[in-house]
Amino acid sequence: MQPVIHSLLDTDLYKFTMWQTMLHRHPQTQAEYTFVCRNEPAYPLAELLPEVDRQLDHLCSLRFDAGELAYLGGLRFIRSDFVDFLRIFQFQREFITARANGGKLEIVANGPQVHVMAFEIYVLAIVNELYFRRFDQTAALAEGRSRLKAKIEHLREFDKVPARRHPFEFFDFGVRRRFSADWQREVVATFKREVPQYFKGASNVLFARDLGLVPIGTMAHEYLQTYQALGVRLRDFQR
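In this report, the structure presented in the accompanying data block is examined. Keep in mind it's a predicted model, so treat the numbers as computed, not measured.

### Structural notes on the environment of Val214
Along the chain, Val214 falls in strand 6 (residues 214-215). Looking at Val214, the relative accessible area reads 46%, which means it is partly exposed. For the pair Val214 and Ala202, spaced 12 residues apart in the sequence, the C-alpha separation amounts to 6.4 Å. Discounting residues that sit within four places of it in the chain, Val214 has contacts with Lys200, Gly201, Ala202 and Ala208.

Pasting the structure below:
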């Protein structure tokens, strides 16, 4: 088996920022997360079930290593007690289940929110990469590189435009929708090398660390929805 996820840093930064808050404020909360495919796939996703199960088994074998913990601890908004929590953290397989429902793939993570909330991005990356592995890799990468080159040329043309008061900058937020981990790394590295005047960071914590980029991210819908479900008044939770 070729693992999709090799490091637990291979996720969006906002998973860590939200995770830290839930650990500090609501460590007792139970939650359920369900995988939903929003598009019509080219083949039934249920066919991926055996591979998904193997990938989830592998994900649940991973731990944060010393270098990863040191990097997270060096971010000014990450507290030392959260790093200590991550030091002993390991996904438990009993909290996540994958099954086939007709041609559909169902994946449900259910349990303590400070545990199951972190599954999300890894699950999406796993399903996406397994799905796209069945297509012609050579043709897909050739098309991707052609489009990437065209985007970079377009950005270079932007250099000729008079400077604006607020400069154009962009960031990568592609983990959950990526073709593969290798392709996302190539895209991010290429943008950093070719157009550093515009490309300023990535949500992927692993790539931000490895490529010397700024990790970007604050919170997602799940954060607001959690507080709505807990019945906290809006003016209070904004504190």
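### Considering the sheet that holds strand 6
Spatially, the 3 strands line up as an open sheet ordered 4-5-6, and their pairing is parallel. Two strands in the sheet have a free side with no partner beyond their single neighbour: strand 4 (170-172) and strand 6. Where strand 4 and strand 5 (residues 199-202) come together, 3 bridges link them in parallel fashion. Considered in strand 5, the bridge of Phe170 is made with Phe199.

### Looking at the pattern of salt bridges
By the definition in use, this model includes 19 salt bridges. Asp57 is paired through a salt bridge with Arg93; the nearest N and O atoms lie 2.7 Å apart. Taken together, the residues span a long stretch of sequence, with Asp57 in helix 2 (residues 49-59) and Arg93 in the loop between helix 4 (80-88) and strand 2 (96-101) at a distance of 36 residues. Among the residues examined, Asp57 registers a relative accessible area of 44% and is labelled partly exposed. The exposure class assigned to Arg93 is partly exposed, which follows from its relative accessible area of 26%. Between Arg145 and Glu186 there is a salt bridge whose closest N-O contact spans 2.7 Å. Here Arg145, found in helix 7 (residues 137-158), pairs with Glu186, found in helix 8 (residues 181-194); they are 41 residues apart in sequence, far enough to count as distant. Taking relative accessible area as the criterion, Arg145 reaches 41% and is therefore assigned partly exposed.

Calculation criteria
- Residues numbered from 1 in each chain as written.
- Predicted model: local features only at pLDDT ≥ 70, side-chain atom pairs only at ≥ 80, totals over all residues.
- Heavy atoms only, no water.
- Helix = DSSP H or I, 4+ residues; strand = E, 2+ residues; numbered from the N terminus.
- Buried < 20%, exposed > 50% of the residue type's maximum accessible area, 1.4 Å probe, protein only.
- Contact = heavy atoms within 4.5 Å.
- Pairing = 2+ DSSP bridges.
- Salt bridge = Lys/Arg side-chain N within 4 Å of Asp/Glu carboxyl O.

Coordinates in, geometry out; function isn't part of it.
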